[in-house]
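Chain residues, written in single-letter form:
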Amino acid sequence: MFIDRQQPQPAPRTARPPWRGTVMAVRCVTALVGGYAFAAVVVTLIARLLPGDRAEATGWGLTLSFLFYAAIGLWCFHERRLVRVAATVWGVAVAGGGLLWLLGVRA
Amino acid sequence: MTGSLRQNMAWIHGWLGLLAGWLLFAMFLTGTASYFRPEITRWMQPELPAAGVTTAQAATSAVAHLQRVGADDVQWYIYLPDARTAITRVFEQPNPKAPPRPRGELQLDPRTGDPVAARETRGGEHFYRFHFQLQLPYPWGRWLAGLCALFMLGAIVSGVITHKRIFADFFTLRWNKGQRSWLDAHNVSAVLALPYHAVITYTGLITLVVMYMPWPIAANYAKPIDFAQAAYGLPADAEASGRRAPLVPVGPLVAAAERGWGAPATRLVVRHPNDRAATVTVARHAGASINARGASVTYAGATGRVIARSPDPGPAIATMGVMLGLHIAQFAGPALRWTLFLLGATGAAMVGTGLLLWTTARRRPGAAPFFGLRLVERLNIAVVAGLPVGMAAFFLSNRLIPAGLAGRADLEVQAMFWTWGGLALVQLARPPRRAWAEGFALGGLAFAAMPLVNLLTTTRGLPRSLAAADWTFAGFDLAMLAIALLLGVAAARAGRAPRLPVSRRSKVLVDA
């Protein structure tokens, strides 16, 4: 989209495998849905585990949520290996979600 | 994915901007207008003079009215007038056992408590609501607006990463160089106000974060309302006792709360009026501090004793309140408000130039434009040139629809969307460059007509408002003329000869 003024490079003309669309769809869903789950799990763990005042911990989780979401979402489009992207995003989401389920609502 | 960090970020920047760009443009434009939400409402009700009473008087008169029409309601919400508003707004939460009757927002005269004798209108509320609900049913509009804001946040971060010469580009604007100029314009509008764009986008997401990201609350509280009670000191919603007790006069409660804060009150919530368990919660004006989550104090409605006060917020809760405050900018005085208005306009310019850049970068001299290019170009015209005309139609219809007509508030809203939608279709019949020029020219004419129509249909035309130093009305009319001038310049430029051919070097990179 943006123009590189220093080093013009020809667009890469690699062969496009037929499953390219599916791969991109997986990447997009991982970024959007998985990224949401990743961010939700991370900030919820912060909110749940941060010691001290409960409302404050909740507030920090809420405040930071979209920072994590935007960062992980962009990383999904940067990392070349889709397997690594999916494993990281969904792995953290599932593992963190399980941990939160075990922890339960703060007493 | 396959390239360097900057190449990948440029790629995702393009997609994020393209997918969310049109809605973001509309959100930026209506959100920017919403900095003047009360002023727009006042312009759209020219019959009403400024409030001119204290908040305590307004609260008293509103409660007197509500006692007449809804003494058995579950809850009353009373939005008090301030220096920028002329009316008291009230909502009733009716008693489920009471016979149903039409209830909605009621606009009251702060002096008498009677429903206002002014034309029915959504006023500035319309743009404000559209800004985050996009005229869609709850909750879909808010989710879609949130998605667009998220894309905006991603586009800002990826744009900054893409952009390595951020300081040099600050001083670079090459006019009339075709694609080069659009890129420069995009960079200048984005870089110049980058802190503003980043802050307004993030704080916008935070205004609705409790809806978008409720999980941190769910992990810590059994019921979401418990969080609000802990964070903001709201008393637990008491049940009605069933035993009647007259509501104490609310004026002294408001006055006492204001003395305690040294700041005006903005809102009154009366729960179970005329019950022994009645509560009266008075909230501080959001403009009293950058933290818009103002303090509140709750009184027992039967005795007038203080039963709860909002706690001093901790750092996290205060941060959220400040983020909300930065977004809604209630604290801003006139100079800062106009500055924010102009910064908001740079946001619309950034999104608009980004969308234009997308088409300019893909146009091949001599080649027929492909379908996607034509689609994006037409959507660009429909939104960037069309929405201002729709907004002008909303204002003009306020003056042209008879003031006493029933249902006119909805007609005003319909005028905006029918005009906008109609224009989006009609422009398809024109060649793109003509459609751009004619769309902007129509907008320019519509905005230029506003002061004239106002002069002819009300007694508060520009000459008189200037003479009377009525800055709400004079400022509105002058702003309309300034916008008309801007759109006129845009029309003249858009109608000029074709742009210079795109250099081959930049073409390659824009595709990357």
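Keep in mind it's a predicted model, so treat the numbers as computed, not measured.

(A) Summary view of the overall build of chain B. When you go through chain B residue by residue, the secondary structure sums to 20 helices and 7 strands. Expressed along its principal axes, the backbone C-alpha trace of chain B runs to roughly 80 × 55 × 40 Å. Among the 512 residues that make up chain B, the fraction classed as buried is 48%.

(B) Just the overall build of chain A, in detail. A tally of regular secondary structure across chain A gives 3 helices and 0 strands. Walking chain A from its N terminus toward its C terminus, one meets helices and strands in the order α-α-α. Relative to its full complement of 107 residues, chain A shows a buried share of 42%. Taking all contacts inside chain A whose residues are at least 6 apart in sequence as the whole, residues at least 24 apart take part in 74%.

(C) Spotlight on the interface of chain B and chain A. Taken together, the 45 residues of chain B in the interface contact 37 residues of chain A. Broken down by element, the residue count for the side of chain B that touches chain A peaks at 7 residues, all from helix α1 (residues 5–33) of chain B. For the side of chain B that touches chain A, a count of residues per class yields 31 nonpolar, 12 polar and 2 charged.

(D) Structural context of the pairing of strand β1 (residues 75–79) of chain B. Residues and elements named next belong to chain B. Of the pairings in the sheet, the one linking β1 to strand β2 (residues 88–93) comprises 5 bridges and is antiparallel in character. By the bridge assignment for β2, Tyr77 is matched with Phe91. Bridging between β1 and strand β4 (residues 265–271) involves 5 bridges; their strand directions are antiparallel. The residue of β4 that forms the bridge with Ile78 is Leu268.

(E) Up close: the domain arrangement of chain B. Domain assignment breaks chain B into domain 1 (5–46 + 125–207 + 332–511) and domain 2 (51–117 + 234–310). On a C-alpha basis, the centres of domain 1 of chain B and domain 2 of chain B stand 38 Å from each other.

(F) Representation of helix α3 (residues 82–103) of chain A in the model. The end-to-end C-alpha distance of α3(A) is 31 Å, a good match for the 32 Å that 22 residues give at a rise of 1.5 Å each. Taken together, the buried positions of α3(A) are Val85(A), Val89(A), Ala93(A) and Leu100(A). Contacts made by the buried residues of α3(A) are with α1 (20–49) and α2 (54–76) of chain A together with α10 (215–220) of chain B. Following α3(A) by one or two positions, Gly104(A) has its phi on the positive side, about 70°.

(G) Expanded view of the nonpolar core. Core analysis: the biggest nonpolar cluster contains 134 residues, and Ala39(A), Val43(A), Phe25(B), Met152(B), Leu153(B), Leu205(B) and Ala392(B) have the highest contact counts within it. A total of 14 residues in this core trace back to one element, the largest contributor, which is α1(B). Apart from the residues lying within four places of it in its own chain, the contact partners of Leu205(B) are Phe66(A), Gly146(B), Ala149(B), Leu150(B), Leu153(B) and Tyr212(B).

(H) The arrangement of the confidence of the model for chain B in detail. Per-residue confidence for chain B gives a mean pLDDT of 90, with 94% of residues at or over 70. Contacts from residues 503–512 of chain B, a stretch scored under 50 in pLDDT, to residues over four places away or in other chains number 20 contacts.

(I) Inspection of the sheet that holds β2(B) at higher detail. Residues and elements named next belong to chain B. Reading across the sheet, the 7 strands line up as β3-β2-β1-β4-β5-β6-β7 and stay open at both edges, with antiparallel pairing between neighbours. A single partner strand is all that each edge strand has here, and the edge strands are β3 (106–108) and β7 (306–309). Direction aside, the axes of adjacent strands within the sheet are offset by 20° on average. Set on the sheet, helix α12 (residues 250–261) makes contact with β4, β5 (279–284) and β6 (296–300); between it and β5 the angle comes to about 40°.

(J) A look at the environment of Ala190(B). All names here are of chain B. The topology assignment puts Ala190 in helix α7 (residues 179–192). Residue Ala190 is classed as buried on the basis of its C-beta count, with 24 C-beta atoms lying within 10 Å. Put simply, Ala190 and Val351 are 161 residues apart on the chain and 8.5 Å apart in space, counted from C-alpha to C-alpha. Residue contacts for Ala190: discarding those within four places in its chain leaves Gly159, His197 and Met350.

(K) Looking closely at the packing of α2(A) against helix α13 (residues 315–328) of chain B. Between α2(A) and α13(B), whose axes approach to 7 Å, the crossing angle comes to 40°. By the criterion of interaxial angle, the relationship of α2(A) to α13(B) is oblique. As α2(A) packs across α13(B), the resulting crossing turns out to be left-handed. For the pair α2(A) and α13(B), the contacting residues are Ala55(A), Glu56(A), Gly59(A), Trp60(A), Leu62(A) and Thr63(A) in the first and Pro315(B), Ala316(B), Ile317(B), Thr319(B) and Met320(B) in the second. For the contact of α2(A) with α13(B), a count of residues per class yields 7 nonpolar, 3 polar and 1 charged.

(L) Region of interest: the packing of helix α8 (residues 194–207) of chain B against α13(B). All names here are of chain B. Where α8 contacts α13, the two axes come as close as 8 Å, and the packing angle between them is 120°. Between α8 and α13, the crossing angle belongs to the class labelled oblique. Seen along the crossing, α8 lies across α13 with a hand that is left-handed. In this structure, α8 contributes Val199, Ile200, Thr203, Gly204, Ile206 and Thr207 to the contact, and α13 contributes Met320, Met323, Leu324, Leu326 and His327. Within the contact of α8 with α13, the residues separate by chemical class into 7 nonpolar, 4 polar and no charged.

(M) Highlighting the pairing of β6(B). Residues and elements named next belong to chain B. The element β6 is largely enclosed, with a buried count of 5 among its 5 residues. The two faces of β6 match: Ser296, Thr298 and Ala300 on one face and Val297 and Tyr299 on the other face are all buried. Bridge analysis of β5 against β6 gives 5 bridges, and the strand direction is antiparallel. In the sheet register, Val280 faces β6, and the bridge partner there is Tyr299. Bridge analysis of β6 against β7 gives 3 bridges, and the strand direction is antiparallel. Note that in β7 the partner of Thr298 across the bridge is Ala308. In this antiparallel pair of consecutive strands, β6 and β7, the connection spans 5 residues, and Gly304 shows a positive phi of 85°.

(N) Structural context of the environment of Pro96(B). Mapped onto the fold, Pro96(B) is located in the loop between β2 and β3. C-alpha separation for the pair Pro96(B) and Asp72(B), spaced 24 residues apart in sequence, amounts to 9.8 Å.

(O) Just unusual backbone geometry, in detail. Residues and elements named next belong to chain B. Looking along the chain, the bond that leaves Tyr138 and enters Pro139 is cis, with omega of 0°. Relative to the helices and strands, Pro139 resides in the loop between α4 (124–133) and α5 (140–162). Despite not being glycine, Asn274 shows a phi value in the positive range, around 70°. Within the secondary structure, Asn274 is located in the loop between β4 and β5. Taking the number of C-beta atoms within 10 Å as the measure of exposure, Asn274 has 17 and is therefore partly exposed. You will see that Ala469, though not glycine, has its phi angle at about 55°, which is positive. You can see Ala469 is positioned in the loop between α18 (462–467) and α19 (471–494). Judged by the 7 C-beta atoms lying within 10 Å of it, Ala469 is exposed.

About the criteria used
- Residues numbered from 1 in each chain as written.
- Chains lettered and ligands numbered in written order.
- Predicted model: local features only at pLDDT ≥ 70, side-chain atom pairs only at ≥ 80, totals over all residues.
- Helix = DSSP H or I, 4+ residues; strand = E, 2+ residues; numbered from the N terminus.
- Buried ≥ 20, exposed ≤ 12 C-beta atoms within 10 Å, placed from the backbone.
- Contact = placed C-beta atoms within 7 Å.
- Nonpolar A, V, L, I, M, F, W, Y, C, P; charged D, E, K, R; others polar.
- Pairing = 2+ DSSP bridges.
- Domains from an automatic or database assignment.
- Expected span 1.5 Å × (residues − 1).
- Core = buried A, V, L, I, M, F, W, Y, C linked by C-beta atoms within 7 Å.
- pLDDT = per-residue confidence, 0-100.
- Axes fitted to C-alpha atoms, helices over the stretch in contact; angles between N-to-C directions.
- Parallel < 35°, antiparallel > 145°, perpendicular 65-115°, else oblique.
- Left-handed = near helix turned anticlockwise from the far one by under 90°.

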